[in-house]
Amino acid sequence: MDLLEFDFFKNTCLHVGCGDFYLNPDEFPPEQWQEIRLDIDQAVHPDILASITDMVDVPDDFFDCVYSSHNLEHIYYHEVPQALAEFRRVLKQAGRLMLSVPDLEIVFRSLTNGVGLDETLYVSIGGPI
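Residues numbered from 1 in each chain as written. Predicted model: local features only at pLDDT ≥ 70, side-chain atom pairs only at ≥ 80, totals over all residues. Heavy atoms only, no water.

**Q** Kindly report on the side chain of Ser-68, identifying the contributing residues and their values.
**A** Relative to the helices and strands, Ser-68 is located in strand S4 (residues 63-69). For Ser-68, a relative accessible area of 0% translates into the label buried. Separated by 3.0 Å, the side chains of Ser-68 and Asn-71 make a polar contact. (Helix = DSSP H or I, 4+ residues; strand = E, 2+ residues; numbered from the N terminus. Buried < 20%, exposed > 50% of the residue type's maximum accessible area, 1.4 Å probe, protein only. Polar contact = N/O pair within 3.5 Å; in protein donor to acceptor, adjacent residues only side chain to side chain.)

Structure follows, in structure tokens:
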């Protein structure tokens, strides 16, 4: 990660597990926020190629925000504390974590109402869930 490319006059947001998606400009106006994209998949052209459980190349206490949408459910249960510890490590002391995970209440309610595991429960920006 080349820190010389950062605009230090903007807030920085680490978008972990970004995939092909970018931050919503309504929530993160580009004139105020600089998005740094991190993903394990080189094909999505992240700024930082790394796993959310091991962001060794990301400096401590650097980001104003860490944004993670629908990533924790893709790692093993025992890796979740490790990922959350990495999020905390790279956040500034007054930074904020924006975390989104599937709505398990919808999943359980759907299963009890006869919806099968292979059926679409709802559609997220990442596709059908």
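**Q** I'd like a description of the environment of Lys-10, backed by residues and values.
**A** Checked against the element boundaries, Lys-10 lands in the segment before strand S1 (11-16). The exposure class of Lys-10 is partly exposed, given its relative accessible area of 28%. With 21 residues separating them along the chain, Lys-10 and Glu-31 place their C-alpha atoms 7.4 Å apart. Not counting the four nearest positions on each side in its chain, Lys-10 is found in contact with Pro-30, Glu-31, Gln-32, Trp-33, Gln-34 and Asp-64. A distance of 2.9 Å separates a polar side-chain atom of Lys-10 from the backbone oxygen of Pro-30. (Contact = heavy atoms within 4.5 Å.)

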